[in-house]
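# What the coordinates show
One letter stands for each residue in the lines below.
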Amino acid sequence: MSNHNDFEKTSPWGLFLQQLIVPALAVVTALVLGAIIMWATGNDPLVAYRGLLDGAFLKKRALSETLVATTPYIFLGLAVAFGFKCGLFNIGAEGQFYIGQLAAVWVGYNVHGLPAILHLTLALGAAIVAGAIWSGIPGYLRAKLGSHEVINTIMMNYIAIYLADYLVGLSGPMRDPASSAPQTPAVDASAQLPRLSELPALMASPVTRFTAALLVAVFAFIVVRWWWQQRGNSLRGWRNPWVVGLISAGGLGLITYVFLSSLNRIGGPFTDRADRLHLGFFLAILVAVLVWWILEKTTLGFEVRTVGASPEAAEYAGISIVRNFVLAMAISGGLAGLAGGVEVLGLERNVKSFFSAGYGFDSIAVALLANNNPLGIIPAGFLFGALRNGADLMELRAGVSKQIILVVQALVLMFIAAPVIIRKLYRIRAIREEGVQLTRGWG
Amino acid sequence: MTKPPALEARGITKAFPGVLANDHVDLRLAQGEIHALLGENGAGKTTLMNILYGLYQQDEGQVFIGGQEVDIHSPNEAIAHGIGMVHQHFMLIPVMTVAENIMLGVEPRTARSRWLGFIGQLDYRRVESRVRELSSQHSLEVDPTALVQTLSVGAQQRVEIMKALYRQARILILDEPTAVLTPQESEELFQIMRSLAERGTSIIFITHKLKEVFAVADRITVMRNGQVVGSTTPEQATEQQLASMMVGREVLLRLSKAPAHPKEAVLSLENLSVNDDRGQKAVREVTLRVRAGEILGIAGVQGNGQTELVEALTGLRPIALGQVRIGEKTLKETSPRQIMEQGVGHIPEDRQKRGLVLRYSVEDNLVLCTYYQRPFAKGLIIQHEAIEENARRLIEEFDIRTPSARTPAGTLSGGNQQKVIVARELSRPIKLLIAAQPTRGLDVGSIEFLHRRLIEQRDAGYAVLLVSAELDEILALSDRIAVMYKGEIIDTLPAEQATREEIGLLMAGVGGHKTSPARQPVEVN
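This is a predicted model, so every value here is computed, not measured.

Residue and element names in this part refer to chain B. By the criterion of burial, strand E8 (residues 202-207) is predominantly enclosed, with six of the six residues buried. Both strand E3 (residues 34-39) and E8 contribute to a ladder of five bridges, which runs parallel. Bridge pairing in E8 places histidine 35 opposite isoleucine 204.

Moving on: helix H7 (residues 149-168) of chain A. All names here are of chain A. With 20 residues, H7 should cover 28 Å at 1.5 Å per step; its first-to-last C-alpha distance of 28 Å lies within 8% of that length. Those residues of H7 lying buried are Glu149, Val150, Asn152, Thr153, Met156, Asn157, Ala160, Ala164, Asp165, Leu167 and Val168. As for H7, its buried residues are in contact with helix H5 (93-110), helix H6 (116-145), helix H15 (321-348) and helix H16 (359-369).

A word on the pairing of strand E20 (residues 463-468) of chain B. Residue and element names in this part refer to chain B. When you tally the buried positions in E20, you get six out of six residues, the bulk of the element. Every second residue of E20 is oriented toward a common face, with Ala463, Leu465 and Val467 on one face and Val464, Leu466 and Ser468 on the other, all of them buried. Judged from the five bridges that link them, strand E13 (residues 295-299) and E20 form a sheet pairing that is parallel. Paired with glycine 297 across the two strands is leucine 466, which belongs to E20. For the crossover from strand E19 (residues 432-436) across helix H16 (residues 444-459) to E20, the handedness is right-handed.

This next bit is on the domain arrangement of chain A. Residues and elements named next belong to chain A. For chain A, the assigned domains are domain 1 (37-193 + 279-402) and domain 2 (196-275). For domain 1 versus domain 2, the separation of C-alpha centres amounts to 27 Å. Listed by partner, the interface residues are 11 residues for domain 1 and 10 residues for domain 2. Carbon and sulfur atoms make up 58% of the area that domain 1 and domain 2 hide from each other, which totals about 760 Å². On the domain 1 side of the contact with domain 2, Arg61, Ser64 and Leu279 bury the most area, a combined 45% of that side's loss.

A few words now on the environment of phenylalanine 221 of chain A. Residue and element names in this part refer to chain A. With respect to the helices, strands and loops of the structure, phenylalanine 221 is situated in helix H9 (residues 206-231). For phenylalanine 221, a relative accessible area of 17% corresponds to the buried category. Taking the C-alpha atoms as reference, phenylalanine 221 lies 8.5 Å from glycine 250; in sequence the two are 29 residues apart. If we ignore the near neighbours within four places in the chain, the residues touching phenylalanine 221 are Trp242, Gly245, Leu246 and Ala249.

Quick look at the packing of helix H4 (residues 62-85) of chain A against H16 of chain A now. All names here are of chain A. Axis separation between H4 and H16 bottoms out at 7 Å; the angle between their running directions is 65 degrees. Note on packing geometry: the crossing formed by H4 with H16 is right-handed. Residues Ala69, Pro72, Tyr73, Leu76, Gly77, Val80, Ala81 and Phe84 of H4 form the contact with H16, whose own contacting residues are Tyr359, Gly360, Asp362, Ser363, Ile364, Val366, Ala367 and Leu368.

Reading the values: rules and limits
Positions within a chain are numbered from 1, following the residues in the order the chain's sequence is written. Think of it this way: whatever chain is written first is A, whatever ligand is written first is 1, and the rest follow in order. This being a predicted model, a pLDDT of at least 70 is required before a residue's local features are given, and a value of 80 or more before pairs of side-chain atoms are given or counted; all residues contribute to the totals for chains, interfaces and linings. Here the side-chain values reflect all heavy atoms present in the structure, with hydrogen atoms and water set aside. For every residue, the accessible area obtained with a 1.4 Å probe (protein chains only) is divided by the maximum for its type, and the residue is called buried under 20%, exposed over 50%, and partly exposed between those limits. Secondary structure elements follow DSSP: runs of H or I no shorter than four residues count as helices, runs of E no shorter than two count as strands, and numbering proceeds from the N terminus. For two strands to be treated as a pair, DSSP must find no fewer than two bridges joining them. The span you would expect from a helix comes to 1.5 Å times its residue count less one. The contact definition used throughout considers only heavy atoms, calling two residues in contact when any of these lie within 4.5 Å. The path from the first strand over the helix to the second decides the hand: if it runs clockwise while the strands point away from the viewer, the crossover is right-handed. Boundaries between domains were set according to an automatic or database domain assignment. When two components associate, each loses some accessible surface as probed by a 1.4 Å sphere; the sum of these losses over both components is called the buried area. Only C-alpha atoms enter the line fits that serve as axes; for helices the fit covers just the stretch in contact. Angles between N-to-C directions range over 0 to 180 degrees. In a left-handed crossing the near helix is turned counterclockwise from the far helix by less than a right angle, and in a right-handed crossing that turn is clockwise.

Okay, structure coming up:
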């Protein structure tokens, strides 16, 4: 019958590599074109890229700083991708990021006397809820009234940005009266998401270390048991998922305990007071895996993806489009809000006026580069983090404007958006995949 | 053998990645001949026509027109060689008049405009008089000043033919022209074709309906899997022979079917009215009953409210007035899922848009309606193994030809896509099956499979509501036939009393106990 047997021939691993080819070549081609532009404008691209490399990875603390910048990219990229999976274009990640920051900082400096773990959870939770509400409004308007989410999320961006300016600004209610600068008070220590350099002090007591190791063990048990069952390995004897889960949990718990006990001896980011890498990065990776799991392995994800892939078929199958539009937008905004919470509680510890960093808009590019694959967002976010972080040193060393990095980013995006260019250039055959339609017209 | 053939193709070969669409195809079209090109979907008919019309280039082989070898690189060149094509989906602009549509691309200017250079005035009068001339020559009734959107489908088709004639086509390619017509309109088309052929136009007539071939063709060429399997004449061939040539094996053209033993009513409609997207009444006070163990066929030309009726019954469209009962339960503001869970299966009219998520794998499409139920999900978590197991079973049982269960449904052939939907719907616990245009665009083999399946379901005690624009399908399967015209059921007849002619007339709104003179078919000519 059909002659398209490619699916049989290609292993999942091969398919995975095939999916990587176009983005990877897009990045390489964009860097080469960027070099040509630099050379044409009288700069030395080699010096510039050496600077970029040093600034992003090699210099002292450069890698940490790259990961610091990667963190919001991952969260926000996941936010945008989740919307895309449902066929929704959430341009409002920037605004939801702001709102998440404001909510987290408010809980961080207004609530006192809670144990750290509770206070931190509460502050992050507030960020998620605030982001979810901020995006849920356009989601609801789209689902119920059909007004396009692109317009409404853009409008919500303006509201968020100017609301933040007012709240934090010179006469704003959230401004710290003790400071001369327009900024909020710093969050309590109990609401801080620890930096790696703060870990040795926090983990000084064996009881804390044990609790942390226990948490890791429980988590590992749940994940490994589930994974083992999914793989459908023989369930008898020691291969029983319970047994495998327990062994892994014990092992990982032990490793965690030993690791936490020897932080001072490991040194590096754990002892460098100026190193700003915080636990948010690791949380971002966990959340990326969680989002992947939700999308691929739960009925909720199936519904979201079905609505995104074919609203007509979803309706036919009894999947509520209204419900999924609102839900997907809320989850998307929740992730963006969480990005804001993590940024405040882990890195900044307060919110300053005009704190815009443009992460929310870049993250649309991150999601596209990753083809909305939650796991692909990790490397895509890393790339953007590295470019952002290395740009300063590149400018300093080679005298090229760091805006050239924006040109490179734009070229990457262009090649991703028009993969035909890359395919023609390198003569790669197209593969069929479960892509996502980005927009479906206006209203 | 005096005159060279109007068109001859020799050894046409065209390969697409992984598919040999045309494999050394020969075709001889004599002057003034109606040549039927018969074959299932995917047999290579359309590829061959697209090569002749300049949309594709052949890899090998030659094309001769009037004995001269020609290279056709674009539709414009094809037109210049006197080839005209009428596509299955009309290429007309509804808001323009017939004359405007006909002259599109070859607009004549008034003599005065030559002085103005390229900004000329359009010479409507010349087009209109030429159209009238062609009209009377070929007995093609077309009013050049009418807006296309006010024309019936049959009249639009005449405009398409006129378009080709206006461009002086001597060879006309008609791609599945009867798919959108009532039996009476088809008969009219055949008359036009005969009259064109008598005046020397040569016609290639693409179809998969055997009856039509016998009605109109002078010569028949059958294609299968990209090859010509034979060429014959209607006098020499039988339907049975042609069908086996198309499919490559024996097929049952007429299904034997035992008398129905209907039991209690499963679906009852009481004065049901439904609005279309623009808020106009599309279904008017329909009262119907479908009983367990019978097939009720709703006949009618497309666009007479069948789509809206089915959508209302499946929860996809709100009910404006009236009552729908499934079993004992009355539907009221019910969601599609609640209706499904009442035991209603639905083979939707648009299988690519509604029936399947084309990007999803076959196995995911097979649980599209049940993914949230055990064993496919426990709580929130999808049980992949159960979904795989389900796919293995259904692919086997329904003979779905797919490279694997993970192949995207969109890459399957139409017949296999429909099998995926049927398998999914019949694997759920249902008591009523609503099948809307279930064999549209399918090949003979798949149609046979589906028809057999529907009768099996009936015999197993299911209630089946069949909505189809194919009169033969309705006649072959139904136990009772309801005819829908302009949103109303204008008559319901027992199948054994219904004749083709009677139903054809009812489909055109003539006769029936509910028809009034005001509802005669309106056709603007």
